[in-house]
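What the coordinates show
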Amino acid sequence: MSQPLPEQVLKAVDTVLAVLGEPTTDTRSKALDAFQRGDAGLLRLLAATNLDDHYVRSLGYLISAKSKPDLPTVAVVLAEAARAAADYARELTILQLNQKIHLDLLASS
C-alpha cells in the first residue's frame, strides 16, 4: 500500500473531528482552538498535561496529520487519533447511560 494522498489524510482528519464533536470543557475548547489555529506547541502541551482526556489526545495526534499530511508515519498518527476519538465517544456513551440508568433506578425507588 502506498502513502495516502494529502487530500485523503485531510478527509480522515475531518472524519475524526466529526466524531469528537463540540468541546465540553474549557480545556477541550482551548485544544480545539489551538488545533484550528495550527498551534501545535500549545496543543501538545495541553495533551501532555491532560493525559486522561481522550478528546485532547486525539487533537494532539490530529495536528500532526493536518500540518504534515505527507509525514511518512501519517497512517499511524491517524490511527492513534481515531483510537483516542473512539475512546472519547465510548466515555461519553458510558456517562450518558450511567445518568439515564441512575435516574431510572431512582425514579422506580
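Keep in mind that this is a model prediction, so the values were computed, not measured.

Each value, and the rule that gives it
Residue numbers run consecutively from 1 along every chain, following the written order of its sequence. A pLDDT threshold of at least 70 governs which residues receive local features in this predicted model, and a stricter bar of 80 or more applies before side-chain atom pairs are shown or counted, although totals over entire chains, interfaces and linings include all residues. The basis for every side-chain value is the complete set of non-hydrogen atoms in the structure, without hydrogens or water. For this document, the term salt bridge refers to a Lys or Arg side-chain nitrogen within 4 Å of an Asp or Glu carboxyl oxygen. The numbering of helices and of strands both runs from the N terminus, where a helix is a DSSP run of H or I of at least 4 residues and a strand a run of E of at least 2. Under the pairing criterion, centres of Phe, Tyr and Trp rings, with the six-membered ring standing for Trp, must be within 6.5 Å; the plane angle then separates stacked pairs below 30 degrees from edge-to-face pairs above 60, leaving the rest tilted. Relative accessibility thresholds used throughout: buried, under 20% of the residue-type maximum; exposed, over 50%; partly exposed, between the two (1.4 Å probe, protein chains only). Whether a charge sits over a ring comes down to the Lys NZ or Arg CZ being within 6 Å of the ring centre and within 35 degrees of the ring normal.

With that settled, the discussion passes to the pattern of salt bridges. All told, the structure shown has 6 salt bridges when counted by the stated rule. When the shortest N-O distance is used, the salt bridge between Asp87 and Arg57 registers 3.0 Å. Placement of Asp87 in helix H5 (residues 74–107) and of Arg57 in helix H4 (residues 54–67) is noted, with a sequence separation of 30 residues between them. Three or more residues joined by partner-sharing salt bridges are found here, namely Arg28, Asp53 and Glu91.

For the structure on display, the rule yields 1 aromatic pair. Arranged with centres 5.1 Å apart and planes meeting at 70°, the rings of Tyr55 and Tyr88 form a pair that is edge-to-face. Here Tyr88 lies in helix H5 and Tyr55 lies in helix H4, a separation of 33 residues in the sequence. When sorted by exposure, Tyr55 lands in the same class as Tyr88, which is buried. Against the face of Phe35 rests Lys66, its NZ or CZ located 4.5 Å from the ring centre.

Purely geometric numbers; function is a separate question.
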